[in-house]
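Here's the letter readout for the chains.
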Amino acid sequence: MANCFDYLMWRGDIPFSVSPLNEVDGMLLSRLSYAPLELVGQPRAATVEAVCSALLKIENIEEKLLMKSDKRLLELMAGSERFRKLVLFEYVNRVDEETETQFSAVTFQLSRGAFYVAFRGTDDNLIGWKEDFNMSFTTPVPAQKMAVEYYERIARRVRGRFILGGHSKGGNLAVYAAAFSKPVLSRKIDIAQNFDGPGFDEKVLTSQGYLAVRERVNTYIPQSSVVGLLLNHEEEYTIVKSTQSGLWQHDTYSWEVERDHFVYLEKVTDASRFIDRTLKEWIAEMPPEKRELLVDTLYSVLMETNAKTVRELGENWVGNTVSVLKTLRTLDDETRKILIEAIRALAKGAGKVVAENFKSR
């Protein structure tokens, strides 16, 4: 079946002035936000063609990209009439271990008075993954605050209408920025696109800001979504068919495309619903302070490996596994107890969901 690369080859010659931005375009721009633009000097303003071409000239660029398929994206975007002349500006990339923050965003000018603000999802930095987990017990996390500040700065700087979007955590940031920016600026946002990003807790979902933008939120998740079903979604979401299975469906390159839209399905899989209910029950039954301790402990254990990225963890998985096991043995009794309780609660939640499903059949 066709994917976003086929879309770029089929419709890459159609400018936005002829065919306005659609959901596949939004996903592609969100994916492009993962590109390490700092390697080409963090340009204040440059065309997509110039930036993609510059990145492709870097020796061993594949090793510096988050996914191997990102190189193909750069190649096709650079040669696409639809995308190559778009101007991107205000690229920001911040990783701060002290505040446990990973935030990156870039803005694209689609046409005169039309802009797309793309928020990067969690990249290879362990700091970013830690911040994702922090969302389970605190709102807002630093990246959410930065997303609001970033959009407000752009919206004051340029005149026009906006679409906000992002993949994974980036999708969560796009919705959060739309909901919590100043009302006069939030009203400039036509759509907030969330591509398999986590939802929010009840505090956010019942806030005036979120309720004001809910009808403008477009959420897309694959049929076996895990990440996109974390926490809660008050808005309706669209289920997209993926050629991958399980967690690998989080990869938007696997999402099937038909003409100018994704291939839709009516419902998520039983496995996705099982994981969704199990994780939500696990989180709901664990007090916020225990969630925080659990996340902090797991993160500190990983930090003992001296790895800074997921890639570094995998490159020396034998040595890192030994390091993790040694660190676990040094934990105090109370912390070890909480870890064991968390694992038991997860198993209990899974068993309860299985039992309820069995009764309903």
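Procedures and definitions
Throughout, a residue's number is its position along its own chain's written sequence, starting from 1. In view of the model being predicted, local features appear only for residues whose pLDDT reaches at least 70, and side-chain atom pairs are presented and counted only at 80 or more, with totals across whole chains, interfaces and linings using the full set of residues. With hydrogens and water stripped out, all remaining heavy atoms of the structure feed into the side-chain values. Structural elements are reduced to axes, namely lines fitted to C-alpha atoms, with helices fitted over the stretch in contact, and the angle between N-to-C directions of any two is expressed from 0 to 180 degrees. A run of DSSP states H or I qualifies as a helix once it reaches four residues; a run of E qualifies as a strand once it reaches two. Both are numbered from the N-terminal end. Geometric relationships in this document are graded by angle, where less than 35 degrees denotes roughly parallel, more than 145 denotes roughly antiparallel, 65 to 115 denotes roughly perpendicular, and other angles denote oblique. What makes a crossing left-handed is the near helix being turned counterclockwise from the far one by less than a right angle; a clockwise turn instead makes it right-handed. A contact between two residues is defined here by any heavy atoms of the two lying within 4.5 Å. Under the convention adopted here, Pro, Cys and the residues Ala, Val, Leu, Ile, Met, Phe, Trp and Tyr are nonpolar, Asp, Glu, Lys and Arg are charged, and Gly plus all remaining residues are polar. Two strands qualify as a pair provided that DSSP identifies no fewer than 2 bridges between them. Salt bridge, as used here, is a side-chain nitrogen of Lys or Arg placed within 4 Å of a carboxyl oxygen of Asp or Glu. Each residue is assigned to one of three classes by its accessible area relative to the maximum for its type, calculated with a 1.4 Å probe on protein chains only: buried under 20%, partly exposed between the two thresholds, exposed over 50%. Two N or O atoms count as a polar contact when they lie within 3.5 Å, although within protein this holds only if one can serve as hydrogen donor and the other as acceptor, and sequence-adjacent residues are included solely when both atoms are side-chain atoms. Under the convention used throughout, the expected extent of a helix is 1.5 Å for every residue step, that is, one less than its residue count. Buried and open spaces are told apart on a 1 Å grid over the protein atoms alone, a cavity being a set of points where a 1.4 Å probe fits but cannot get out and a pocket being an open set with protein on both sides within 12 Å along at least five of seven lines. Residues with an atom within 4 Å of a point are the lining residues. Grid points are joined across faces, edges and corners, and a volume is the space filled by probe spheres set on the points. For the purposes of this section, nonpolar cores are sets of buried Ala, Val, Leu, Ile, Met, Phe, Trp, Tyr and Cys residues that join through side-chain atoms within 4.5 Å. pLDDT measures the predictor's confidence residue by residue and takes values from 0 up to 100.

Moving on to the packing of helix 6 (residues 142–157) against helix 7 (residues 169–180). Across the interface, helix 6 lies against helix 7 with an axial gap of 8 Å and an inter-helix angle of 60°. When the axis of helix 6 is compared with that of helix 7, the two are oblique. When the axes of helix 6 and helix 7 are compared, the crossing they make is right-handed. Touching A143, Q144, A147, V148, Y151 and E152 of helix 6 are K169, N172, L173, Y176, A177 and F180, all from helix 7. Taken together, the residues that form the contact of helix 6 with helix 7 break down as 8 nonpolar, 2 polar and 2 charged.

Of the pairings in the sheet, the one linking strand 7 (residues 217–222) to strand 8 (residues 237–240) comprises 4 bridges and is parallel in character. Within strand 8, the residue paired with I221 across the bridge is I239.

Turning next to the pattern of salt bridges. Summed over all chains, the structure comprises 12 salt bridges. Linking R214 and E215 is a salt bridge whose minimum nitrogen-to-oxygen distance equals 3.8 Å. Relative accessible area serves as the criterion here: at 69%, E215 is assigned to the exposed category. The network of salt bridges with shared partners includes E49, E81, R84 and K85.

Taken in spatial order, the 9 strands line up as 1-2-3-4-5-6-7-8-11 in an open sheet, and their pairing is mixed. The open sheet has two edge strands, strand 1 (45–47) and strand 11 (264–265), and neither has a second partner. One ladder, built from 6 bridges, connects strand 4 (residues 114–119) with strand 5 (residues 161–167); its direction is parallel. Within strand 5, the residue paired with A114 across the bridge is R161.

Below, the discussion takes up helix 2 (residues 23–32). Most of helix 2 sits inside the fold, with 10 of its 10 residues counted as buried. Listing the buried residues of helix 2 in full gives E23, V24, D25, G26, M27, L28, L29, S30, R31 and L32. Taking the backbone nitrogen of V24 as reference, a side-chain oxygen 2.9 Å away marks N22 as the first, capping residue of helix 2.

Let us look at helix 6. Over its 16 residues, helix 6 runs 23 Å from end to end, which matches the ideal 22 Å to within 8%, given 1.5 Å per residue. Burial in helix 6 covers these residues: A143, Q144, M146, A147, V148, Y150, Y151, E152, I154 and A155.

Before going further, it helps to spend a moment on empty space enclosed by the protein. Within the structure shown, the criterion is met by 1 cavity of 30 Å³ or more. Lining the largest cavity are R31, L32, Y34, A35, L65, D70, L73 and L74. Where the lining of the largest cavity is concerned, the elements lending two or more residues are helix 2 and helix 4 (69–79). If one sorts the elements of the lining of the largest cavity by residue count, helix 4 sits on top with 3 residues. Residues of the lining of the largest cavity, tallied by class, amount to 6 nonpolar, no polar and 2 charged.

Helix-helix packing is described using two parameters, namely the angle between the two axes and the distance between the axes. Where helix 3 (residues 48–56) meets helix 4, the closest approach of the two axes is 8 Å, and the angle between their N-to-C directions is 140°. Here helix 3 lies oblique to helix 4, going by the angle between them. The way helix 3 lies across helix 4 gives a crossing that is left-handed. Across the interface between the two elements, V48, E49, C52, S53, L55 and L56 of helix 3 pack against K71, L74, E75, M77 and A78 of helix 4. A breakdown of the residues in the contact of helix 3 with helix 4 according to their chemical character gives 7 nonpolar, 1 polar and 3 charged.

This paragraph deals with the nonpolar core. Core analysis: the largest hydrophobic core is formed by 42 residues, its most contacted members being L28, L29, L32, M77, F108, Y116 and F262. At the level of elements, helix 1 (4–11), helix 2, helix 3, helix 4, strand 2 (87–96), strand 3 (101–111) and strand 4 are the ones that each hand at least two residues to this core. Beyond its immediate chain neighbours, meaning those up to four positions away, L32 contacts V48, C52, L73, L74, M77 and F108. One finds M146, V148, L185 and V213 within the second-largest nonpolar core, a separate group that totals 34 residues.

Moving on to unusual backbone geometry. For E90, which is not glycine, the phi torsion reads 55° and is therefore positive. Examined against the element boundaries, E90 turns out to sit in strand 2. Despite not being glycine, R259 shows a phi value in the positive range, around 55°. Residue position: R259 is located in the loop between strand 9 (257–258) and strand 10 (261–262).

Examined against the element boundaries, L21 turns out to sit in the loop between helix 1 and helix 2. Between the C-alpha atom of L21 and that of D260, which follows or precedes it by 239 residues, the distance is 9.3 Å.

Across the protein chain, the average pLDDT comes to 81, with 66% of residues at or above 70. Within the protein chain, helix 2 carries the highest mean pLDDT (98), whereas helix 15 (residues 333–359) carries the lowest (54). Segment residues 353–361: pLDDT under 50, and 7 contacts once partners within four positions in sequence are set aside and those in other chains are kept.

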